[in-house]
Amino acid sequence: MSPPNRKSPYYGLAIYSAILSQIVGGPLIGLFIGKACDNYFSTSPLFLVIGLLLGLGAGFYGTFHYVRELAGDE
C-alpha cells in the first residue's frame, strides 16, 4: 500500500474528518450506552455522566495518538 499523497486537497479533509469523528463519536457512544444502562438499572444520571466522561477520555486519547502518528512521534 502506498503512502497517502499529502499534496492531495482531500488529505486535509481526511485528517479533519478522522479527528472530528473521534472527538464527537466517543462521547456520543458513551452517552447512548450510559442512557441505556440508566434505563436498565433505574439510576437516572449516574451512568449517563460516567459514559460521557469515559467517551470524552476515549475520544481525546484516540485523537492524541492519531495526531502523534501523523506527526511521526513515537
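Residues numbered from 1 in each chain as written. Predicted model: local features only at pLDDT ≥ 70, side-chain atom pairs only at ≥ 80, totals over all residues. Heavy atoms only, no water.

Colleague: Any chance you could explain the environment of Val67 here in plain terms?
Modeller: Here Val67 is to be found in helix 2 (residues 46–71). C-alpha separation for the pair Val67 and Ile15, spaced 52 residues apart in sequence, amounts to 9.0 Å. (Helix = DSSP H or I, 4+ residues; strand = E, 2+ residues; numbered from the N terminus.)

Colleague: I would appreciate a short explanation of helix 2 in the present structure.
Modeller: An α-helix turns once per 3.6 residues; consequently, residues spaced three or four apart project the same way. Compared with the 38 Å implied by 1.5 Å per residue over 26 residues, the 38 Å span of helix 2 between its first and last C-alpha is a close match. Those residues of helix 2 that sit buried are Gly51, Gly55, Gly59 and Thr63. Tucked inside the fold, the buried residues of helix 2 contact helix 1 (9–41). (Expected span 1.5 Å × (residues − 1). Buried < 20%, exposed > 50% of the residue type's maximum accessible area, 1.4 Å probe, protein only. Contact = heavy atoms within 4.5 Å.)

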